[in-house]
Amino acid sequence: MDSNTRKILFPLLIGMFACFILGVVVFGPASDDPAGTPPSDPVEQAADPDPPRDPGPESTPSTEKDPPASTSVPSSGSVAVTPPPAARTPSTPVEAPPPAEPPPGGFGTLFAAPSGQTLADSGGASTLGSLDPEIQRMKLEFAGNAAGIARITFSDFWLTGEASRQADRHHDAVAAGASDPPPLPDDAQRYVLQTATKLQSASGATIETPILAVYSLNIRGWGDETQQVLLFGDVWTQVEPGHFRTVIKDRSSGDSVLAVSRRFVLPEGRYDITLEQRVENLSGRPLSLSWVQFGPGDLIVDQTTYLRDVRRFHLGYLFDPQRDPEQAHVVSQGMMRERNQVITMAEEFAMAADENRLWPNQDALEEDLRLSWFGATNRYFALCVHAPYDPPSNPSRELSAIDRIEPALGRAGGDEQTLTTSLHGAWRELPASGVAQWDLGVYAGPLERKVLDNREPYRALSMNGLILYLMSGCCTFCTFSWLANFMVVFLAMIHSVVFDWGVAIMVLVCVVRLLLHPITRKGQIGMQRSAKAMGEIKPELDKLRERFPNDQEKMRQEQMRLMQEKGVNPLGCATGMLPMFLQMPIWIALYAVLFFAFELRQEWAFYGFFQLFDGWAFLGDLSAPDNFIDFGVDYDILFFQFTGINLLPILMGVVFYIQQKYMTPPTSVTLTDDQKRQQKFMKIMMLVLFPVMLYGAPSGLTLYILTSSVIGVVESRYIRKHLKLTEEAMAEVEANDGRPLSPFARKLKEKTEKRKAKQDRTGRMYEKMLENAREKQARKRQKPKTFKDKKKR
């Protein structure tokens, strides 16, 4: 292989590899296991990731702020609790030893028993809510164990835009009193926020963990040690739909010690669940109690997610009373964690619990922060526990019921990791016949600004912090949240005028292009003039190459000297690319908006024109690919998942090819033949790479880029034509051969004369100012400098 071939081949291979790696990093699926190989048996690990520790000789009930005995909720939902294993070292595999079969209800002298007929005996738990949006926003299906939720189904959200529009037609017909309204879509098309997590143990057994299920109750004051009473299992009796009750008894005497109840309440017309959790002391002695339950975990991944898992965990907090005496400002900045970060924290929790706890983390401990809410989100929805803020009866924004939040990890079958969290309640002092409570508010709804910004209690708790227009991974630093927030508001304003999101995006293109036109015009004019000037000095540059064939450094020095003598700017061509770089933050912000903004979910473009053709899916959802032709099945090819043919990215590639002819700077005459071939290949590669990488992107983004590119081609042709007319008119004016000037040349001459006259006036004004300054200085020199000199004169 000769040297010239190596000069071409090696840079091309390196460039292709770099583009491939960049594409994988930016557009590839987010890693669920960045920390390396997971533990060999995470479900068994989750059965006891942080086993109950012996509190030692201390048996005196502590105050509410005392550190609680550490008990962890297993992500597997197993009801087996093991004695504390031997101390682990970082090199010790995290595996639970084979436990002895525990007594019913847990270890110790206390156990939980149903107060009546168990859920299994009564035929299972019932439902709460409705799938009619006029009645309730959601329907809760309860599980048969742990007094938790098996499924949360929305009454007004659907999986696809077509199903949503079909439901709207049905409800509109019913509201209009139609005798035969169109049918609702099948219930399988309804959007399910979350279902009970089904995990596999090492033995292959499937364990179901309900949503927000209770795990245990820790009790001090009954015996010498802290007792953990398991509430996860068939120990509950259903009093009424959504209301569950169990009793904790003494194993030796059979006497009832505590009555435990959980009650789910659905406020009308809200995406909220009130969770009342009460414990009544039936014994004759004071006790200290701590409540442990499951918290928000992995939500269902959105079907239209573009090659990236965007599930996240968010925290809202209050500053300490010294900084915020009224405790009225909830903040969420800096407390968001990506799912892969929380997975790493869960894997390292057994070795460093304090550093990998979700709450309180190191910042919260150092600054004495107070928890207000904690939630998990996917692309469009959230499940969040928050303070039961309801003034004047409950005016506190602090979620005092939760003392700690810890991550836990399990497997849902195969290699799929499932993430959940455990909520450890604060210790409560419970006198004889007293009642302790760990009430929670639960938001289960959309990440929609008009809900979280305007409705209570979400506005008072600043739960709009759950909405984050921010791309993950390496795109985080280049996503400007303030620009994305402005984009949402601006698009909404345009939409309120044109009533179509597709048209609003095209109007946004026109606005951006109009604002950038002066820069675009100046850049392209400089690019063309620079290219023309380089062409004029090309013969002299060729002579320099002949003079210095082997001395590249000397040739570059002579080229720079020649360009300076001829007044040629070597960077003139590069300025033509400035508008594209200025638009990149807008593209990224618009990508984040179209990806995360709930307002654009399942919104069609161009007033649903294409959907008139037998429900054609083309541009039926601006937050998903355009679906010009839908295959109906998914095909996985390399890193991409193809569901059909998307037209807009293909048209974008065609427009890019045309755009290169008008906006790409001409090949520099200073380049060698090898460099020219490399430049040509890179143009072709970028021409193909960009549409391929955006093939599965939201159609709103491709619509923006396609429209911007088309307008850019038209704008470039206009600028080139205007520049050509200007050069011809200038030549006509400079010739001055007595012939009448053309209208454009006459106008240019008048404009030039006005500019010259203005420059002359400016020059005369400047000269006048200099003359006045000189006269003032002369008069100043003639004045006496001191009082003594003045007296002599």
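Residues numbered from 1 in each chain as written. Predicted model: local features only at pLDDT ≥ 70, side-chain atom pairs only at ≥ 80, totals over all residues. Heavy atoms only, no water.

## Focus: the overall build of the protein
Then step 1. For the protein, the count of helices and strands is 16 helices and 26 strands.
Then step 2. In the protein, buried positions account for 47% of the 793 residues.
Then step 3. The contacts of the protein with a sequence gap of at least 6 include a subset with a gap of at least 24, amounting to 68%.
Then step 4. Here the protein has roughly 39,900 Å² of accessible surface; of this, 57% comes from carbon and sulfur atoms. (Helix = DSSP H or I, 4+ residues; strand = E, 2+ residues; numbered from the N terminus. Buried < 20%, exposed > 50% of the residue type's maximum accessible area, 1.4 Å probe, protein only. Contact = heavy atoms within 4.5 Å. Areas by Shrake-Rupley, 256 points an atom, 1.4 Å probe, with all protein chains shown as cover.)

## Brief notes about a nonpolar patch on the surface
Then step 1. On the surface, a nonpolar cluster with roughly 790 Å² of combined accessible area is contributed by Ile-629, Phe-631, Val-633, Tyr-635, Ile-645, Ile-650, Val-654, Tyr-657 and Ile-658.
Then step 2. At the level of secondary structure, the elements contributing two or more residues to the nonpolar patch comprise β25 (629-637) and α12 (647-663).
Then step 3. By the secondary structure assignment, Val-654 is in helix α12.
Then step 4. Judged by relative accessible area, Val-654 falls into the partly exposed class, the value being 46%. (Patch = residues over 30% accessible without salt bridge, like charges linked within 9 Å, V, L, I, M, F, W, Y side chains within 5 Å. Salt bridge = Lys/Arg side-chain N within 4 Å of Asp/Glu carboxyl O.)

## Overview of unusual backbone geometry
Then step 1. Cis geometry is found at the peptide bond from Trp-359 to Pro-360, where omega equals -10°.
Then step 2. Residue Pro-457 is bonded to the preceding Glu-456 through a cis peptide linkage, with omega at 5°.
Then step 3. With respect to the element layout, Pro-457 can be found in the loop between α6 (449-452) and α7 (481-498).
Then step 4. For Phe-499, which is not glycine, the phi torsion reads 60° and is therefore positive.

## Things to note about empty space enclosed by the protein
Then step 1. Taken as a whole and judged by the stated rule, the model has 8 cavities of 30 Å³ or more.
Then step 2. In this structure, the largest cavity encloses a volume near 110 Å³.
Then step 3. Along the wall of the largest cavity there are 16 residues; nearest its centre are Gln-194, Thr-197, Thr-209, Pro-210 and Thr-420.
Then step 4. Of all the secondary-structure elements, those providing two or more residues to the lining of the largest cavity are β5 (190-195), β6 (197-200), β14 (287-295) and β21 (417-425).
Then step 5. The greatest single-element share of the lining of the largest cavity, amounting to 3 residues, is contributed by β21.
Then step 6. Across the lining of the largest cavity, the residue classes tally to 6 nonpolar, 9 polar and 1 charged. (1 Å grid on protein atoms, 1.4 Å probe; cavity = no way out; pocket = protein on both sides within 12 Å on 5 of 7 lines; lining within 4 Å. Points joined across faces, edges and corners; volume = space filled by probe spheres on them. Nonpolar A, V, L, I, M, F, W, Y, C, P; charged D, E, K, R; others polar.)

## A short note on the nonpolar core
Then step 1. Counting residues in hydrophobic clusters, the biggest one holds 139 residues, and the most contacted among them are Leu-217, Ile-219, Leu-258 and Tyr-704.
Then step 2. With 10 residues, helix α11 (residues 578-596) is the single largest residue contributor to this core.
Then step 3. Apart from the residues within four sequence positions on either side, Tyr-704 is in contact with Ile-505, Leu-508, Val-509, Val-512, Gln-583, Ile-586, Trp-587 and Leu-590.
Then step 4. Ile-537, Leu-541, Met-555 and Met-563 belong to the second largest nonpolar core, which has 8 residues in total. (Core = buried A, V, L, I, M, F, W, Y, C linked by side-chain atoms within 4.5 Å.)

## Re the packing of helix α8 (residues 501-536) against helix α9 (residues 538-547)
Then step 1. Packing of α8 against α9 brings their axes to within 4 Å, and their N-to-C directions diverge by 55°. In terms of orientation, α8 and α9 fall into the oblique class. The residues of α9 that touch α8, namely those facing Met-534, Gly-535 and Glu-536, are Lys-538, Pro-539 and Leu-541.
Then step 2. Looking at the contact of α8 with α9, its residues break down into 3 nonpolar, 1 polar and 2 charged. (Axes fitted to C-alpha atoms, helices over the stretch in contact; angles between N-to-C directions. Parallel < 35°, antiparallel > 145°, perpendicular 65-115°, else oblique.)

## Side note on the sheet that holds strand β3 (residues 138-142)
Then step 1. Pairing within the open sheet is antiparallel, and its 4 strands lie in the order β2-β3-β4-β5. Both edges of this open sheet fall to β2 (127-129) and β5, since each of them pairs with a single strand only. If you compare each strand with its neighbour and ignore which way they point, the axes differ by 20° on average.
Then step 2. Where β2 meets β3, 3 bridges bridge the pair, whose relative direction is antiparallel. The residue bridging Gly-129 from the neighbouring strand is Lys-139, located in β3. (Pairing = 2+ DSSP bridges.)

## Quick word on the confidence of the model for the protein
Then step 1. For the protein, the mean per-residue pLDDT works out to 78, and 76% of the residues sit at or above 70.
Then step 2. Within the protein, helix α2 (residues 42-46) has the poorest average pLDDT of any element, 36, and strand β19 (residues 381-386) the best, 97.
Then step 3. Considering only residues more than four positions removed or in separate chains, one finds that residues 3-8, a stretch of pLDDT under 50, has 8 contacts.
Then step 4. Counted against residues more than four places away or in other chains, residues 24-104, with its pLDDT under 50, gives 162 contacts. (pLDDT = per-residue confidence, 0-100.)

## Some remarks on the pattern of salt bridges
Then step 1. Following the criterion strictly, the structure yields 20 salt bridges and no others.
Then step 2. In this structure, Arg-137 and Asp-156 form a salt bridge, with 3.1 Å as the shortest nitrogen-oxygen distance. Of the two residues, Arg-137 sits in the loop between β2 and β3 while Asp-156 sits in strand β4 (residues 149-158), which places them 19 residues apart along the sequence.
Then step 3. Glu-406 is paired through a salt bridge with Arg-404; the nearest N and O atoms lie 3.1 Å apart.
Then step 4. The exposure class assigned to Glu-406 is buried, which follows from its relative accessible area of 1%.
Then step 5. Through salt bridges that share partners, Asp-354, Arg-357, Arg-404 and Glu-406 make up one connected network.

## Description of the packing of aromatic side chains
Then step 1. Applying the stated rule across the entire model yields 30 aromatic pairs.
Then step 2. For the pair Phe-154 and Tyr-191, a centre-to-centre distance of 6.2 Å together with 25° between the ring planes defines the contact as stacked. Linking Phe-154 in strand β4 with Tyr-191 in strand β5, this pair joins segments that are 37 residues apart in sequence. Comparing Phe-154 with Tyr-191 shows no difference in burial state: the two are buried.
Then step 3. Between Phe-656 and Phe-690, the ring centres sit 5.6 Å apart and the planes meet at 50°, which makes this aromatic pair tilted. Taken together, the residues Phe-656 in helix α12 and Phe-690 in helix α13 (residues 673-693) connect sequence positions 34 residues apart. (Phe/Tyr/Trp six-rings, centres within 6.5 Å; stacked < 30°, edge-to-face > 60°.)

## Side note on the pairing of strand β12 (residues 256-265)
Then step 1. The element β12 is extensively covered by neighbouring structure, given that 7 of its 10 residues are classed as buried.
Then step 2. In this antiparallel pair of consecutive strands, strand β11 (residues 243-250) and β12, the connection spans 5 residues, and Gly-254 shows a positive phi of 80°.
Then step 3. Connecting the antiparallel pair β12 and strand β13 (residues 272-281) is a turn made up of 6 residues, with Gly-269 showing a positive phi of about 75°.

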